[in-house]
Amino acid sequence: MRFKNIFLSVMILILAGSMTAIAAADTDDFGIVGDKAFTVPEDFEIINMSDSNVYMENSDGNQSFVITVLDEDTDPEVLMQVYEDSGYTFNKTYSVYQRGIYRITELEFTYKDYIGILFICQNGNECIFISHGFLDKNDFPTGDDKVALELISSITDNI
């Protein structure tokens with residue numbers, strides 16, 4: 001059952017990358033995924049959301065975020081394998097560091113026409129995958145991905 005949920009999450013991620021804008025819920029400034037709330041980055045709009053995934057694009061459509069909140073009993077390595085089986089290539093690990101309550105691993109990825117950074121945010125059993133994809137390689141951050149780091153810092157429990 002867990003593999004099915006993870007597989008469906010990745011399929012949503014893949015489909016969302018090629019979808020046109022779908023009317024999203026009335027969440028201009030914040031979003032909710034799983035039991036987490038977050039601030040939507042400036043110039044981004046929620047395109048699609050489910051219980052465990054959110055897909056956002058910027059106004060130009062050349063950058064996207066996908067947030068996936070894993071169940072506490074789901075092994076992050078299983079989701080990584082699903083990503084790889086779906087065509088993602090992880091090129092290198094940028095860094096591993098602590099930000100707030102999360103231990104974050106940054107991985108560079110390519111997928112079809114996208115290049116991006118996958119942020120694996122872990123706090124004990126809790127794990128959140130945040131991918132920041134770019135269609136234009138010139139938009140790829142050369143230093144810290146400030147937009148993604150602000151997004152990660154904004155994640156709170158949805159009480």
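Scroll up to find the structure.
Described in the following lines is the structure provided in the data block. The residue numbers shown here count from 1 along each chain, following its written sequence. With pLDDT at 70 or above as the cut-off, local features in this predicted model cover only qualifying residues; side-chain atom pairs require 80 or more to be listed or tallied, and sums for whole chains, interfaces and linings still use all residues. The basis for every side-chain value is the complete set of non-hydrogen atoms in the structure, without hydrogens or water.

## Concerning the nonpolar core
Then step 1. In these notes, a set of buried Ala, Val, Leu, Ile, Met, Phe, Trp, Tyr and Cys residues joined through side-chain atoms within 4.5 Å is what counts as a nonpolar core. Classification of residues uses two cut-offs on accessible area relative to the type maximum, computed with a 1.4 Å probe and protein chains only: under 20% is buried, over 50% is exposed, and between them is partly exposed. Within the largest apolar cluster, 25 residues are counted, with the highest numbers of intra-cluster contacts made by Phe38, Met56, Ile67, Phe119, Cys121, Ile128 and Ile130.
Then step 2. Under the scheme used here, helices are H or I runs from DSSP no shorter than 4 residues and strands are E runs no shorter than 2 residues, and both carry numbers assigned from the N terminus. Among the secondary structure elements, those contributing two or more residues to this core are β3 (44–49), β4 (53–58), β5 (63–69), β7 (102–111), β8 (114–123), β9 (126–134) and α3 (146–154).
Then step 3. In what follows, a contact means two residues having at least one pair of non-hydrogen atoms within 4.5 Å. Residue contacts for Ile128: discarding those within four places in its chain leaves Lys36, Ile67, Thr68, Val69, Tyr102, Phe119, Ile120, Cys121 and Ile155.
Then step 4. One finds Tyr83, Tyr88, Phe109 and Cys127 within the second-largest nonpolar core, a separate group that totals 12 residues.

## Re the environment of Pro76
Then step 1. You can see Pro76 is positioned in helix α2 (residues 76–85).
Then step 2. Among all residues touching Pro76, those that are not within four sequence positions of it are Leu70, Gln122, Cys127 and Phe129.

## A few points about the sheet that holds β7
Then step 1. Across the sheet, 7 strands lie side by side as β3-β4-β5-β9-β8-β7-β6; this open sheet has antiparallel pairing. Here the strands that pair on one side only, and so sit at the sheet edges, are β3 and β6 (89–99). Geometrically, the sheet is characterised by an average inter-axis angle of 20 degrees between neighbouring strands, direction not taken into account.
Then step 2. We treat two strands as partners when DSSP finds at least two bridges between them. Inspection of the sheet shows β7 paired to β8 by 9 bridges, in the antiparallel sense. When the sheet's bridge partners are listed, Leu107 is paired in β8 with Leu118. Note on method: axes are straight lines fitted to C-alpha atoms, helices fitted across the in-contact stretch only, with angles between N-to-C directions ranging 0 to 180 degrees.

## Side note on a negative patch on the surface
Then step 1. In this analysis, a patch consists of residues with relative accessible area above 30% that form no salt bridge, clustered at 9 Å for like charges and at 5 Å for the nonpolar side chains Val, Leu, Ile, Met, Phe, Trp and Tyr. Per-residue and other accessible areas follow the Shrake-Rupley method at a 1.4 Å probe size, with only the shown protein chains counted as cover for residues. We define a salt bridge as a side-chain nitrogen of Lys or Arg found within 4 Å of a carboxyl oxygen belonging to Asp or Glu. By the counting rule applied here, Lys and Arg register as positive and Asp and Glu as negative, while His and the ends of each chain are not counted. All charge positions are set by atom: Lys at NZ, Arg at CZ, Asp at CG, Glu at CD. On the surface, Glu42, Asp43, Asp60, Asp136, Asp139 and Glu150 cluster together to form a negatively charged patch.
Then step 2. Structurally, Glu42 can be placed in the loop between β2 (36–39) and β3.

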